[in-house]
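So the chains spell out like this:
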Amino acid sequence: MLLQRLLSHDRGGQILLVLLLAVMVLVPVLNLAVPADSPFHLSTTTVTLLGKYLCYALLALALDLIWGYCGILSLGHAAFFGLGGYAMGMYLMRQIGDRGVYGNAELPDFMVFLNWQELPWYWLGFDQFWFAALMVVLVPGLLAGIFGYLAFRSRVTGVYLSIITQALTVALMLAFELNSMGFGGTNGLTDFKEILGAPITADSTRVALCVASALMLALAYLLCRAIVTSRYGRIVLALRDAESRTRFCGYKVEHFKLWLFVFSAVLAAIAGALYVPQVGIINPGEFKPLNSIELVVWVAVGGRATLYGAVAGAFSVNYAKTWLTSVYPEAWLFALGALFVLVTLFLPKGLVGVVATLRQARADGSLQRNWQRLASRFGVPTKGEQP
Amino acid sequence: MKLLDSAREGLRRDRVFDFMLPPPNFSEDLDTRHGPILYVEDVSVSFDGFRALNNLTLYINDGELRCIIGPNGAGKTTMMDVITGRTRPDSGSVWFGQNIDLLRLSEHQIAQGGIGRKFQKPTVFEHLSVFENLELAMASDKRVWPNLWFRLTGEQRDRIDEILQLVRLTDHARRRAGALSHGQKQWLEIGMLLMQNPRVLLVDEPVAGMTFEETERTAELLTSLAGRHSVIVVEHDMAFVRSIARTVTVLHQGSVLAEGSMDAVQNDPRVIEVYLGE
Amino acid sequence: MTERIPLLHRNALPLLALLLWCGAGLATAEPAIDTATPAPSVEAAANASPAPHPALALIGGSFNARAAAARQLASSGEPQAVAILEALLGGQLYGGGEPPQLVIKQGSAFSDALSGAALAELPTGARKIPVNNSLRGQLRDLLATLSLRHSDPQVRRDAALRLLGNAADGRYQPLLAELLTSEQHPEVRQALLLVQALGQLGSGSEQQQAVAVDTLADSLQPEIRNALEVLASADGASADGNPTLAAAARTAADAIDARIQRFQLLENIFFGLSLGSVLLLAAIGLAITFGVMGVINMAHGELIMIGAYTTYSIQLLLPNHISLALLLSIPAAFVVSGLVGIAIERGIIRHLYGRPLETLLATFGVSLILQQAVRSIYSPLNRAVSSPEWLSGSWQINPVFALTWNRLYILFFALAVFAALWLVLKHTRLGLQVRAVAQNRGMARAIGVRASRVDALTFGLGSGIAGVAGVALSQLTNVGPNLGQDYIIDSFLVVVFGGVGNLWGTLVGAFGLGIINKFLEPWAGAMLAKILVLIAIILFIQKRPRGLFPQKGRAAEG
């Protein structure tokens, strides 16, 4: 019932949810039940890659919510992703126990290496999964709350906001690179052994993580959809287009932005938390400004303010990245740069926009007419042409 | 020096930080026993040495339709900015009725409290439908949480339909507001204002870019609103002002130059000088 | 998205220690082997020669004999003596062969030590002349004494100051006394007196010590400060010490400390100004494109990088004229970066006016392309650009305060660029048009300004200045594909901090941020200082969203 209300008039969302459902069913079957020599077997590498993409898609969804619907171009969303990742990483670090290189049950390896005597206070509690999960949500949410409160209250908007969000992620990157911060410095946290008692590299764990990511993405999609179809969502859209009009309608614009920003940050953080156990490492590189901006391109390529477009963008750009970096490693940055330029210049609505235009054209027959015109110019006979 | 001043300003005992104030209580009736609903007293605003408003004093009566005219740069828009909380004056006071100090409130509080404003350039939510535009403007709980669960009641739907009819946009209710003509956008914005149930309407150049017929309709609409609402109209179109005005205020260089009926004002030698030049 | 950084240093440390230990062992072992096998034939040859040059005695014999020979050489007044002794000290002196020859090795070239003539190769039978530590000490003293009698007063003064390190035990006192009788040059005299006082402080009578404390109280040399400190604490602690003297030494040491601290403050300010000048150079082009035109150009950093690579390329073309290449680079970088900038403006930004966020994304794409292009054309590795002589080294104002020439020049260069830009904007037709378009595009166009041409030229100007900044940066750091990235956020923050559209704000912002950064560094560490500054700016923008010097008025609020 609720599902029906959320997904009516949302063809893309329906397709997305069906696909996610398929992932949740097929991945365990194809990886665990189908024998390895069968052509239908899905290798664990592919499962992990898929899981990674799903996390990226969740991150892109978070950005689309705040950028596409509210017009806030955050160039610091990777910061929240990274923070969520670190919170999860800290839990996984504590799970290593005495299986580290130095065999110290109390301290992670890098602390032993730095001659630290005891666990810093902010690491306490991270041996409990529930605590870590709480922190995944709480810390980035709080940071987004404080940052957003300050920024929105003083009406920092547009490009200025983008620049200071980028400054935020740079500050975090520099901070996490410090050894004295106690997060492993530039090497970050790695060498994880197990999660919730399950060995982290086992096939079944990988499959479970991938399914969890798909589930989370589906859930997040529905939540975002619920938000944007509510009156709150319309207000957010309104303030994107005419902020002072919204204010003069009696809305405290700052609060509307702030809650959306916090929610988006929390989604990004959850994506980070799911991402870390799948790739097995988290380091300050995740806070690199480039990451945040690359994320913007996923959303721009997919199509802003559609939600499912962001997911499509995350998958297509990342697939292209995986493929290109293995085939022509040099070409990737060229391609990414060109993508930025082309999408902003020629495809302001992204892939979703292209698909919509094509469908529109087919519906009113203009595609066929254009095709015929093109064909007749080159002397190709078509079916519809009368001699 | 500036730092010292701002520190002193921050430590003033007679001011309270915005966030410490109790929320304004609009449920108690606005006290307009003395007649005026809006008191603008000795208000001065300057930008970089340029005095946009210079000890402006103005009283608007409850239910009155007031036209404000004046040459460019006379401070008309700045005056509206001050009343709606967009610009903080350097000195002076602005009271809504006798019991609400507008200078202590922020824009959204003022809007919720019953002062609606139409911008010079028509500003509507272009990506939303006409219906949705009116729905968002409607007087209701404007906090975040209730809006997540908001459902239109039949009563509210009727109210929207009523306004749609009033501003003649019933046929366009499902269209995107961005696709409306200029004149229709002006009306939609007036409609949005009315959805807020305001006590005071500030209307900045309502007939700019309208056809003759539309202008006439607008004049009719605004006059019909007076009485139930106080309406302040800023306009350049003299014919339009003449057609609706009862009292006209002339602003010049940030203060009131003349006030009275249209005829009296038009024959005032000072006004003639300002408008026709030396 | 992840780059796994291997735990290199953890494994490398023990390895490094091992290497160091082996190296040290080899170095100490070397002379022992040499002394064990003296070359009798060489000695015989030296004796056979009718009038052997005194320096040839260095070739054979024991260390003591060699020391005697060195002393003899030093007192002989031989013009080559300093060069030979320095070569011996540095392990670059070779001797032997038939007839015996002394050869100085410089890099891979050889020259005859006595005649100075260049040699094609090392004569057969010649081997390195060994030295040990005691001989090294004696050689240093000999060289110092020789320099103390040099004809150039500057050399004499430097030599005297170099003695400070070993003067505390009073071993130079006779020499100093002798020199002081003949020395006329006031600065050299002063230096000699300092050394003498330091010697007396360590080993003289109590009265001498008291006088020495007075003499030394005005100096800044760390050796003197340490000696005073030792005197102050040692005498105060032991029972037989002289409390008055200790107190005087304490006062003098404290005074020196205070002065050193003052100079360190100055040095900090200088470093801050230097960082500020770099920020100014990087941000000033942005102040035009972002501040005046309102265009967000994320490729600005890459335009700086292009300027730096232009410098590098011109240096490759003119390898023998480093100064000329550098001077040529300034206009060349301006033109190259400017043209790239104009291309970006015409090709991309023009289509995106009024859509700042899209501009930001598109220009970021351009920056990625430019970075990768440089990686493909040159190399992903950093390249060093050499500096001309007048840019290297430093200006030693006093022992604790020196200004490096390159930073000083860049500071002035930045100010000059700023002044030039200001003049262009204020006093030329282009400047007038730029300001007109910035204020009211439609109106400017209406009065006949070709707005699109002005846009292109303004953007070219801003980009050209970025290129010039690249020239300056190439003198401070290595040139690499990531050069620009390191500056882009800082530059934006400078512009935003100073107030958009305000050149003076950019100036104040750049120097302000530079100085704040350098003052935070000593107690917070470089990284943390940077973080603190970033956070401070984020908070600052909350408080004053339009920077230090905002443009006011209704138009600015819209």
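Residues numbered from 1 in each chain as written. Chains lettered and ligands numbered in written order. Predicted model: local features only at pLDDT ≥ 70, side-chain atom pairs only at ≥ 80, totals over all residues. Heavy atoms only, no water.

Trainee: Before we move on, can you summarise the overall build of chain C with the specific residues and values?
Mentor: Looking only at helices and strands, one finds 22 helices and seven strands in chain C. The buried share of chain C, taken over its 558 residues, is 46%. A separation of at least 24 residues holds for 68% of the contacts in chain C among residues at least 6 apart in sequence. (Helix = DSSP H or I, 4+ residues; strand = E, 2+ residues; numbered from the N terminus. Buried < 20%, exposed > 50% of the residue type's maximum accessible area, 1.4 Å probe, protein only. Contact = heavy atoms within 4.5 Å.)

Trainee: Quick one: what's the story with helix α6 (residues 153–162) of chain C, residue by residue and with numbers?
Mentor: For α6 of chain C, every residue scored as buried is listed here: R156, A159 and A160 of chain C. For α6 of chain C, the angular spread of buried residues about the axis comes to 100°, placing them on one side. (Arc of directions from axis to C-beta.)

Trainee: Requested: an account of the pairing of strand β1 (residues 36–47) of chain B, with residues and values cited.
Mentor: Two faces, one strand: in a regular strand the side chains alternate between the faces of the sheet. Residue and element names in this part refer to chain B. Counting buried positions along β1 yields nine of twelve residues, so the element is predominantly enclosed. Between the end of β1 and the start of strand β2 (residues 50–61), which pair antiparallel, lie two residues, with D48 showing a positive phi angle near 50°. Summarising the sheet, β1 and strand β4 (residues 91–96) pair through five bridges and their orientation is antiparallel. When the sheet's bridge partners are listed, E41 is paired in β4 with S93. (Pairing = 2+ DSSP bridges.)

Trainee: Before we move on, could you go through the packing of helix α9 (residues 231–241) of chain A against helix α4 (residues 130–137) of chain B and cite the residues and values that matter?
Mentor: Where α9 of chain A contacts α4 of chain B, the two axes come as close as 11 Å, and the packing angle between them is 100°. It follows that α9 of chain A is roughly perpendicular to α4 of chain B by the angle criterion. Across the interface between the two elements, R231, R234, I235 and A238 of chain A from α9 of chain A touch E132, E135 and L136 of chain B from α4 of chain B. Among the residues forming the contact of α9 of chain A with α4 of chain B, the class breakdown is three nonpolar, no polar and four charged. (Axes fitted to C-alpha atoms, helices over the stretch in contact; angles between N-to-C directions. Parallel < 35°, antiparallel > 145°, perpendicular 65-115°, else oblique. Nonpolar A, V, L, I, M, F, W, Y, C, P; charged D, E, K, R; others polar.)

Trainee: Account for the sheet that holds strand β8 (residues 230–234) of chain B, with residues named and values stated.
Mentor: Residues and elements named next belong to chain B. Spatial strand order, β6-β7-β8-β3-β9-β10: six strands in an open sheet with mixed pairing. Strand pairing shows two members of the sheet lacking a second neighbour, β6 (115–118) and β10 (255–260), which therefore form its edges. Adjacent strand axes in the sheet meet at a mean angle of 20°, parallel and antiparallel pairs treated alike. Direction of pairing for strand β3 (residues 65–69) relative to strand β9 (residues 247–252): parallel, over a ladder of four bridges. The residue of β9 that forms the bridge with R66 is T247.

Trainee: Quick rundown of the interface of chain A and chain B? Include the residues and the values.
Mentor: Of the residues lining the interface, 25 residues belong to chain A; the matching set on chain B comes to 33 residues. Ranking the residues of chain A by area buried against chain B places R231, R245 and F248 of chain A at the top, with a combined share of 35%. Taken together, the links from chain A to chain B amount to four salt bridges. Two residues, R231 of chain A and E135 of chain B, come together in a salt bridge whose shortest N-O distance is 3.5 Å. Across the contact surface, chain A and chain B share 13 residue pairs in polar contact (both at pLDDT 80 or more). Mapped by element, the contributors of at least two residues to the side of chain A that touches chain B are α9, α10 (243–248) and α11 (253–279) of chain A. In terms of residue count, the dominant contributor to the side of chain A that touches chain B is α9 of chain A (eight residues). In terms of residue class, the side of chain A that touches chain B is made up of eleven nonpolar, five polar and nine charged. (Buried area = accessible area lost by both parts, 1.4 Å probe. Salt bridge = Lys/Arg side-chain N within 4 Å of Asp/Glu carboxyl O. Polar contact = N/O pair within 3.5 Å; in protein donor to acceptor, adjacent residues only side chain to side chain.)

Trainee: An account of helix α7 (residues 173–182) of chain C is needed here, citing residue identities and associated values.
Mentor: Residues and elements named next belong to chain C. Those residues of α7 lying buried are Q173, L175, L176, L179 and L180. Down the axis, α7 shows its buried residues gathered within 155° of arc, on one side only. For α7, exposure combined with an orientation more than 90 degrees from the buried face picks out P174 and T181.

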